[in-house]
Amino acid sequence: MSVVMERGLEEFLEDNVIYAIAKVLEEIVKETDIIESPIQTVFHTNKKPQISIYKYIERIKMYSYCSNECFVLALIYIDRVQERNQDVVINSYCVHRFLLACLLMSIKYNDDDYYKNDYYSRVGGITLQELNTLEQELLTLLDYQLFVSQNQYYYYKEKLMKYAQL
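Counting of residues starts from 1 at the beginning of each chain's written sequence and follows it residue by residue. Confidence filtering applies because this is a predicted model: local features only for residues at pLDDT of at least 70, side-chain atom pairs given and counted only at 80 or more, and all residues used for totals across whole chains, interfaces and linings. Hydrogens and water molecules were not included; the side-chain quantities draw on all heavy atoms of the structure.

Peer 1: What is the right way to look at the packing of helix 5 (residues 117–124) against helix 6 (residues 128–141) in this model?
Peer 2: A pair of packed helices is characterised by two quantities: the angle between their axes and the separation of those axes. Taken N-terminus to C-terminus, the directions of helix 5 and helix 6 make an angle of 105 degrees; their axes are 8 Å apart at the nearest point. In terms of axis orientation, helix 5 runs roughly perpendicular to helix 6. Contacts between helix 5 and helix 6 involve Asn117, Asp118, Tyr120 and Ser121 on the former and, on the latter, Leu128, Leu131, Asn132 and Glu135. Here the term charged refers only to Asp, Glu, Lys and Arg, the term nonpolar to Ala, Val, Leu, Ile, Met, Phe, Trp, Tyr, Cys and Pro, and the term polar to all other amino acids, Gly among them. Residue composition of the contact of helix 5 with helix 6, by class: 3 nonpolar, 3 polar and 2 charged. Geometry is summarised by axes, namely lines fitted to C-alpha atoms with helices restricted to the contacting stretch, and by angles between N-to-C directions that run from 0 to 180 degrees. Strands are runs of DSSP state E lasting at least two residues, helices are runs of H or I lasting at least four, and both sets are numbered from the N terminus onward. Note that the term roughly parallel is reserved for angles under 35 degrees, roughly antiparallel for angles over 145, roughly perpendicular for angles of 65 to 115, and oblique for everything else. When checking whether two residues touch, look at their non-hydrogen atoms; a contact exists if any pair is within 4.5 Å.

Peer 1: For this particular structure, what's the right way to read helix 2 (residues 53–64)?
Peer 2: An α-helix turns once per 3.6 residues; consequently, residues spaced three or four apart project the same way. Compared with the 16 Å implied by 1.5 Å per residue over 12 residues, the 16 Å span of helix 2 between its first and last C-alpha is a close match. Those residues of helix 2 lying buried are Ile53, Tyr56, Ile57, Ile60 and Ser64. Relative to the axis of helix 2, the buried residues are bounded by an arc of 100 degrees and lie together on one face. Where helix 2 terminates, the next one or two residues include Tyr65, which has phi positive at roughly 55 degrees. By this rule, a helix spans an expected 1.5 Å times one less than how many residues it contains. Each residue is assigned to one of three classes by its accessible area relative to the maximum for its type, calculated with a 1.4 Å probe on protein chains only: buried under 20%, partly exposed between the two thresholds, exposed over 50%. Note that the arc is computed from the directions linking the helix axis to the C-beta atoms.

Peer 1: Please clarify how a nonpolar patch on the surface should be interpreted in this entry.
Peer 2: Residues Met62, Tyr63, Tyr65 and Tyr115 make up a contiguous nonpolar surface patch of roughly 450 Å² in combined accessible area. Position of Met62 among the secondary structure elements: in helix 2. Patch members must show over 30% relative accessible area and no salt bridge, and they are joined within 9 Å when carrying like charges or within 5 Å when they are nonpolar side chains of Val, Leu, Ile, Met, Phe, Trp or Tyr. All accessible-area figures derive from a Shrake-Rupley calculation using a 1.4 Å probe, and residue coverage is judged against the displayed protein chains alone. What makes a salt bridge here is a side-chain nitrogen of Lys or Arg within 4 Å of a carboxyl oxygen of Asp or Glu, nothing more.

Shown next, in the form of structure tokens:
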């Protein structure tokens, strides 16, 4: 197989993983929107964002220039928040903000180069102060546990690739 074809296939698979992440988050939100959230976090807003999760991810991907691995890591962080904080319900009133904060953390933890928070706040459509608050709260919810083992990363990526093929 030529290098060009391999690269095209690789990009196609990576795009499928990002699509799968959006689908997973949409399914979670569909189920959690009917649940009364026991607590409101700094991630919750008064109204649902107009932009779809997939379009939001596309926007962040287009302007953040981060590695595709960061999107898988962000999903792992969202799962960890849910596991460690049973009373936090991730629904359509907060999923975009959780996604942005988790991506920011994964970019800072995983990538060598990244922008300042004010850039990411503009990409995500929130103020710098809001993003800084979300970042601090996310670190607290994750108990500062940002390391993801290679096994866990590949487990999630494999599941996402299979899900994308459905």
